Protein chains: 2
Amino acid sequence: MRILVVDDELDIREFVQYNLLKEGYEVACATNGREAVERAVEFRPHLILMDMMMPEMDGREACRALRANPATSKMMIVFLSAVCEEESLVECYEAGADDYITKPVSMKVLCSRVGAICKRIASGEREVFPKSSRLNEEQHSFVADSGEEVRLAVKEFEILRLLHSENRIFTREEIFNAVWGQGVVVGSRTLDVHIRHLRTKIGDNHISTYKGVGFRYEE
Amino acid sequence: MRILVVDDELDIREFVQYNLLKEGYEVACATNGREAVERAVEFRPHLILMDMMMPEMDGREACRALRANPATSKMMIVFLSAVCEEESLVECYEAGADDYITKPVSMKVLCSRVGAICKRIASGEREVFPKSSRLNEEQHSFVADSGEEVRLAVKEFEILRLLHSENRIFTREEIFNAVWGQGVVVGSRTLDVHIRHLRTKIGDNHISTYKGVGFRYEE
DNA sequence: CATCGACTACAAGTATTCGCATAGGAATTT
DNA sequence: AAATTCCTATGCGAATACTTGTAGTCGATG
């Protein structure tokens, strides 16, 4: 799990970085908002811990900039600031922050909150990175991240559309209801065959099966 | 993938051009809005990276001019500007910009965003160039890109007009409704016959069928 | 380690959809 | 009126998409 620490004060950066590293996180730093935006693109952090008041570009602006770019728009952004006035809190949320931690804060508290956030990310409750592949609704095709396009048959497309729509496991029953409709009954093997066709067309690593539960689209 | 870089400052032009060339893009430059409009016609770029403030003709005006000309109206236009005020951002979008990047920006960030845009273009999600073939309403004829003209029957013309109008798959039902009208019912094979006639007249590679979905005009 | 349930692979069968040839009748032109 | 072009219908073969059966694999569980 990668975390980007953004603060203009060296002491705080190093303190936070040291403790997060000890907890097993991968950590990168930036000293102002502008740097943060750049590093976010190249480092691809799951979580950004950012100070509010910084030179060059402050937290609010940086937050808006991050939300505006598709590559970074879904990352967790948590403000870590000494300013604990109501106003700035509201401002943060308006700028698109996910959470807010007031300074000073003990490492124990910080780590526990960071841990909670990371658990949410790991569980898939919150998607942090945008999918690089897309479905082309108008052409009934799948566009891989490499850019190449594959034409899909109707059933294949409908199954993939469902799986692709949300970042979670879909049960077999859900898939049958969504693709074939409630009343229709087809053999259970049918779905397996379509899944296999999809895998050969779009690559084996995209659809993973959860035995006894269902299927899920990944990457 | 061709990119047109428009900026009045030589340093920035060369910096951006050098880095985009290194990434494998074909790059051309212009130093103001007027030049940009001219070069866009002859260079036929997929993407135009344009500064906001320039002498002679500024970004907004150039953008509007590009949108007004059918030959350039669908190109991706992205502003690259130091002015990060809300107002100018809104102005850009009003002028018809597709995206907005604030300067200064690292090459890494720029490349990643340019890459994302190019992927969208490559996937066909966005059509950048107008179709080279066109329909002649008065003559009820089809003019191929080679210039030769084919006369079409009424039904043929109406079907082709529909397919030609948008870059997507049209279902059989849509075609029936558009060409014959809602109430009228004709045999399902009838459409196939007309499609075959069209294909023999305008070439086999233009209309592709999506089994179970519909037909689509291409190229 | 045996068993069971659930998934996969392969192969074959069934159903649907499409392309094409052909043909008769309507509309238009000569 | 005759000739030509255009529209629609129909039937069948071919191609594609979908479903099912059988057999085999995998992993968890007692």
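Residues numbered from 1 in each chain as written. Chains lettered and ligands numbered in written order. Predicted model: local features only at pLDDT ≥ 70, side-chain atom pairs only at ≥ 80, totals over all residues. Heavy atoms only, no water.

Remarks on the overall build of chain A
Working step 1: Broken down by element type, chain A carries eight helices and 11 strands.
Working step 2: Expressed as lengths along the three principal axes of its C-alpha atoms, the size of chain A is roughly 60 × 35 × 30 Å.
Working step 3: Residue burial in chain A is summarised as follows: out of 219 residues, 46% are buried.
Working step 4: Within chain A, residue pairs in contact and separated by at least 24 positions form 54% of the contacts whose partners lie at least 6 positions apart. (Helix = DSSP H or I, 4+ residues; strand = E, 2+ residues; numbered from the N terminus. Buried < 20%, exposed > 50% of the residue type's maximum accessible area, 1.4 Å probe, protein only. Contact = heavy atoms within 4.5 Å.)

A word on the sheet that holds strand β10 (residues 207-210) of chain B
Residues and elements named next belong to chain B.
Working step 1: The three strands lie next to each other as β9-β11-β10, forming an open sheet whose pairing is antiparallel. The strands lining the two open edges of the sheet, one partner per strand, are β9 (170-171) and β10.
Working step 2: The sheet contact formed by β9 and strand β11 (residues 214-217) spans two bridges and is antiparallel. The residue bridging Phe-170 from the neighbouring strand is Phe-215, located in β11. (Pairing = 2+ DSSP bridges.)

Focus: the protein's contact with DNA strand C
Working step 1: Inspection of the region around DNA strand C gives 19 residues, with Arg-199 and Thr-209 of chain A together with Arg-172, Arg-199 and Thr-209 of chain B positioned closest.
Working step 2: Contact between DNA strand C and Gly-212 of chain A: a phosphate oxygen at 2.9 Å from a main-chain N or O atom of the residue.
Working step 3: Contact between DNA strand C and Arg-199 of chain B: a phosphate oxygen at 2.5 Å from a side-chain N or O atom of the residue.
Working step 4: Elements that contribute at least two residues to the surface near DNA strand C include exactly α8 (188-202) of chain A together with α8 (188-202) of chain B. (Near = heavy atom within 4 Å. Polar contact = N/O pair within 3.5 Å; in protein donor to acceptor, adjacent residues only side chain to side chain.)

Description of helix α1 (residues 10-22) of chain A
Residues and elements named next belong to chain A.
Working step 1: With 13 residues, α1 should reach 18 Å at 1.5 Å per residue; the first-to-last C-alpha distance of 18 Å fits that figure.
Working step 2: Burial in α1 covers these residues: Arg-13, Val-16, Asn-19 and Leu-20. On an axial view of α1, the arc spanned by its buried residues comes to 150 degrees, and they lie on one face. For α1, the exposed residues lying more than 90 degrees away from the buried face are Asp-11, Tyr-18 and Lys-22.
Working step 3: On its buried face, α1 sits against β1 (2-6), β2 (26-30), β3 (47-50) and α5 (107-122).
Working step 4: Where α1 ends, the next residue or the one after it, Gly-24, has phi of about 100 degrees, a positive value. (Expected span 1.5 Å × (residues − 1). Arc of directions from axis to C-beta.)

Section: the protein's contact with DNA strand D
Working step 1: Inspection of the region around DNA strand D gives 23 residues, with Trp-180 and Gly-187 of chain A together with Ala-153, Gly-187 and Arg-189 of chain B positioned closest.
Working step 2: Here, DNA strand D places atoms within 4 Å of the protein, and 67% of those atoms are sugar or phosphate.
Working step 3: In this structure, a phosphate oxygen belonging to DNA strand D sits 2.8 Å away from a side-chain N or O atom of Trp-180 of chain A.
Working step 4: Taking Val-154 of chain B, its main chain carries an N or O atom lying 3.3 Å from a phosphate oxygen of DNA strand D.
Working step 5: Among the elements of the structure, α6 (154-165) and α8 of chain A together with α6 (154-165) and α8 of chain B are those that each provide at least two residues to the surface near DNA strand D.
Working step 6: Taken together, the residues of the surface near DNA strand D sort by class into 10 nonpolar, six polar and seven charged. (Nonpolar A, V, L, I, M, F, W, Y, C, P; charged D, E, K, R; others polar.)

Some details on the interface of chain B and chain A
Working step 1: Listed per partner, the contact involves 20 residues of chain B and 17 residues of chain A.
Working step 2: Summed over the shared surface of chain B and chain A, the result is three residue pairs in polar contact (both at pLDDT 80 or more).
Working step 3: Elements supplying a minimum of two residues to the side of chain B that touches chain A: α5 (107-122) and β10 of chain B.
Working step 4: By residue number, the principal contributor to the side of chain B that touches chain A is α5 of chain B, which donates five residues.
Working step 5: Here the residues of the side of chain B that touches chain A are counted per class, giving five nonpolar, eight polar and seven charged.

Some details on the sheet that holds strand β10 (residues 207-210) of chain A
Residues and elements named next belong to chain A.
Working step 1: Strand order in the open sheet formed by three strands is β9-β11-β10, with antiparallel pairing between adjacent strands. Each edge of the open sheet is held by one strand with a lone partner, namely β9 (170-171) and β10.
Working step 2: In terms of strand pairing, β10 meets strand β11 (residues 214-217) through four bridges, oriented antiparallel. Opposite Tyr-210, over in β11, you have Gly-214 as the bridge partner.

A look at the domain arrangement of chain A
Residue and element names in this part refer to chain A.
Working step 1: Here chain A is partitioned into domain 1 (2-123) and domain 2 (127-217).
Working step 2: Just the C-alpha atoms count here: the centres of domain 1 and domain 2 sit 35 Å apart.
Working step 3: Contact residues are listed per partner, giving nine residues for domain 1 and four residues for domain 2.
Working step 4: For the domain 1 face of the interface with domain 2, the top three residues by lost area are Arg-44, His-46 and Lys-74, together amounting to 61%.
Working step 5: Summed over the shared surface of domain 1 and domain 2, the number is zero residue pairs in polar contact (both at pLDDT 80 or more).
Working step 6: By residue class, the composition of the side of domain 1 that touches domain 2 is five nonpolar, one polar and three charged. (Domains from an automatic or database assignment. Buried area = accessible area lost by both parts, 1.4 Å probe.)

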